[in-house]
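# Structure at a glance
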Amino acid sequence: MRLSEKIHQNYFSLTPAEKKVADHFLWAGTDIIYETMNDIKQKTNVGDATIVRLCHKLGYDGFSDLKVEVAKEDYSSNVHQTAHSPYASIETALTKTISTTLNKLNKDVLTEAISLLDQAQRIYIFGVGGSALSGNALESMLLRVGVRAQAIPDPHYQAQLAAVTNASDLIIAFSLTGRTKDTLEPLKLAKNNQAKVIAITTYPASPIATQADLVLQTAVDDFLNGGSLVGRLSQLLIGDVLVYEYEKLHAKETITAREKVVRAILNKRKQE
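Not measured: the values here are computed from a predicted model.

Counting its regular elements, the chain contains 13 helices and five strands. Overall, the chain is about 70 × 50 × 35 Å in size when its C-alpha atoms are taken along their principal axes. Considering only contacts in the chain between residues 6 or more positions apart, those separated by 24 or more positions represent 70%. Accessible surface computed for the chain: about 14,500 Å², of which carbon and sulfur atoms make up 53%. Here the chain contributes 30 positively and 30 negatively charged side chains, and the mean placements of these two sets differ by 3 Å.

What follows is about the packing of aromatic side chains. Overall, the coordinates contain two aromatic pairs when judged by the stated rule. Ring centres 5.8 Å apart and planes at 90° place the aromatic pair tyrosine 11 and phenylalanine 12 in the edge-to-face group. Aromatic side chains phenylalanine 25 and phenylalanine 63 sit 6.3 Å apart centroid to centroid with 15° between the ring planes, which places their arrangement in the stacked category. Here phenylalanine 25 is found in helix 2 (residues 16-28), whereas its partner phenylalanine 63 is found in helix 5 (residues 63-79), with 38 residues between them in sequence. Take phenylalanine 25: its relative accessible area is 2%, and that puts it in the buried class. For the cation-ring pair, arginine 179 lies above tyrosine 203, with the distance from its terminal atom to the ring centre recorded as 5.3 Å.

With that out of the way, let us pick up the pattern of salt bridges. According to the stated counting rule, one finds 11 salt bridges in the structure shown. The partner of glutamate 18 in a salt bridge is arginine 53, with the nearest N and O atoms 2.8 Å apart. Residue glutamate 18 is located in helix 2, and its partner arginine 53 is located in helix 4 (residues 48-57); the two are separated by 35 residues in the primary sequence. Given the relative accessible area of 0%, glutamate 18 is considered buried.

Calculation rules
Residues numbered from 1 in each chain as written. Predicted model: local features only at pLDDT ≥ 70, side-chain atom pairs only at ≥ 80, totals over all residues. Heavy atoms only, no water. Helix = DSSP H or I, 4+ residues; strand = E, 2+ residues; numbered from the N terminus. Contact = heavy atoms within 4.5 Å. Areas by Shrake-Rupley, 256 points an atom, 1.4 Å probe, with all protein chains shown as cover. Lys, Arg positive; Asp, Glu negative; His and termini not counted. Charge placed at Lys NZ, Arg CZ, Asp CG, Glu CD. Phe/Tyr/Trp six-rings, centres within 6.5 Å; stacked < 30°, edge-to-face > 60°. Buried < 20%, exposed > 50% of the residue type's maximum accessible area, 1.4 Å probe, protein only. Lys NZ or Arg CZ within 6 Å of the ring centre and 35° of its normal. Salt bridge = Lys/Arg side-chain N within 4 Å of Asp/Glu carboxyl O.

The following block contains the structure:
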């Protein structure tokens, strides 16, 4: 039985506070997948216990279990969707990811992020799995505008580097869930050394986000489709916006850097 059906079936047995949460679930639909307990508390003015109690009344083990079941329903319906284009569901997901990610970006936070890039003597990019690939891409994006950063995909090496960081270092950490242990532990070491941290994650209240000086919010949590294109797209889009904002403030220098990079690549191409 779908979440909406369970809510309608049990609605009149819910307390007023539980009904506020249930109404939010109905209004949010599948977007509930990308929300945290803190998001719901802020929108409904209820406590953790009310949310958990409602989940139990609806037959779920907790809020995370509810989100997984909603994600399963959404994923199944998209896979079996029939439309004029056989890939309409993919197109919809990508389009929605772009718009949702851009809507979550905060101009003031972006400005502060550029300031941290300017001040850092060394920049490291942490991420594992699919997030490591996004880190490699951001390293390349930054290099093209003259910013030297080092993407570190290996968690052991991340820990070693974090142990010797200092206040002049900046770490950009990718994690959609914000709970990746291999990324979290090195960040704790870095924060103990006064290093600055920018977290790129879906959940602003997640453990990784709480270690960060700034949070740039992605729009996807890959419940059933780990390493998916939509998750990577959300991360890469934030990276692209970060580079775009940096270029706006350093136009002359970045044009020169881009020219040098392009000429270096041209020299590697086969002469005709």
